[in-house]
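Next come the chains, spelled out residue by residue.
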Amino acid sequence: MRSDIFEILDDFFSEFPVLVAGAPQASEVDQIESFAGFQLPLEYRMFVERYGAAIVGPHSVYGVGASEAMGKYEASVIAVTERFRAEGWPGTEDTLVISMDHAGNAITLDARGIVHRFDHDDGSTDELASSFGMFIEKLLAR
């Protein structure tokens, strides 16, 4: 992740605070890691520790809690991932659902830090970014 990304996000969220949930307790971040069953990729962990959850560019990014501007069905990464798993979405059994696209497709983060999207229309999985940081950079570029 570019070294200035958190500075860019901090500036943006100070102007639009309804987009960010707010820093959680360390134990809440540890709960995500325990639920995931893998060590959270550092960039994602840093994002969640700093913001909880937030809307970045056109997408919500799930972590702990939800920002005031997120939809009523958007919640913690644990709750969203549990919902997708209960619905039987492929690729969610060993990943975290960190976002959704505007068609309702799961955007997941795996243990290696790679961000994928499962397209429910054609059953394909695409790699959106090679890291969480690259995913955030792409969201900011939109």
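Read on for a plain summary of the structure. Predicted model, so just to flag it, every value in this text is computed and none were measured.

**Details of the overall build of the protein**
Link 1 in the chain: If you tally the helices and strands in the protein, you get 5 helices and 6 strands.
Link 2 in the chain: Listing each helix as α and each strand as β along the protein from the N terminus yields α-α-α-β-β-α-β-β-β-β-α.
Link 3 in the chain: Computed over its C-alpha atoms, the radius of gyration of the protein comes to 14 Å, within 12% of the 14 Å expected for a compact globule of 142 residues.
Link 4 in the chain: Its C-alpha atoms give the protein principal-axis dimensions of about 40 × 35 × 30 Å.
Link 5 in the chain: Going through the 142 residues of the protein one by one, you find that 47% of them count as buried.
Link 6 in the chain: Counting contacts in the protein only where the partners sit at least 6 residues apart, residues at least 24 apart contribute 46% of the total.
Link 7 in the chain: When the accessible surface of the protein is split by element, carbon and sulfur atoms take 50% of a total near 7000 Å².
Link 8 in the chain: Of the charged side chains in the protein, 10 are positive and 24 negative; the average position of the first set lies 2 Å away from that of the second.

**Focus: the nonpolar core**
Link 1 in the chain: Counting 42 residues, the largest nonpolar core has Tyr44, Phe47, Ile98, Phe135 and Ile136 as its most contacted members.
Link 2 in the chain: Residues contacting Ile136, with those up to four places away along its chain left out, are Ile5, Leu9, Phe47, Val56 and Val61.

**What to know about helix α2 (residues 26-36)**
Link 1 in the chain: When we look at burial in α2, the residues that qualify are Val29, Ile32 and Ala36. Around the axis of α2, the buried residues are gathered within 50 degrees of arc, so they sit on the same side.
Link 2 in the chain: Tucked inside the fold, the buried residues of α2 contact α3 (42-51), α4 (77-86) and β3 (96-100).
Link 3 in the chain: One or two positions beyond α2, positive phi appears at Gly37, with a value near 80 degrees.

**Concerning the sheet that holds strand β5 (residues 115-118)**
Link 1 in the chain: As summarised here, the arrangement of the 4 strands in space is β3-β4-β5-β6, forming an open sheet in which the pairing is antiparallel. Two strands in the sheet have a free side with no partner beyond their single neighbour: β3 and β6 (125-129). Direction aside, the axes of adjacent strands within the sheet are offset by 35 degrees on average.
Link 2 in the chain: As paired elements, β3 and strand β4 (residues 106-109) share 4 bridges and run antiparallel to each other. Within the sheet, the bridge partner assigned to Val97 lies in β4 and is Thr108.
Link 3 in the chain: The strands touched by α4 are β3 and β4; relative to β3, the strand with the most contacts, the crossing angle is about 95 degrees.
Link 4 in the chain: Most of the contacts of helix α5 (residues 132-141) go to β6, to which it runs at about 80 degrees, and overall it touches β3, β4, β5 and β6.

Rules used throughout
- Residues numbered from 1 in each chain as written.
- Predicted model: local features only at pLDDT ≥ 70, side-chain atom pairs only at ≥ 80, totals over all residues.
- Heavy atoms only, no water.
- Helix = DSSP H or I, 4+ residues; strand = E, 2+ residues; numbered from the N terminus.
- Rg over C-alpha atoms; globule rule 2.2 N^0.38 Å.
- Buried < 20%, exposed > 50% of the residue type's maximum accessible area, 1.4 Å probe, protein only.
- Contact = heavy atoms within 4.5 Å.
- Areas by Shrake-Rupley, 256 points an atom, 1.4 Å probe, with all protein chains shown as cover.
- Lys, Arg positive; Asp, Glu negative; His and termini not counted.
- Charge placed at Lys NZ, Arg CZ, Asp CG, Glu CD.
- Core = buried A, V, L, I, M, F, W, Y, C linked by side-chain atoms within 4.5 Å.
- Arc of directions from axis to C-beta.
- Pairing = 2+ DSSP bridges.
- Axes fitted to C-alpha atoms, helices over the stretch in contact; angles between N-to-C directions.

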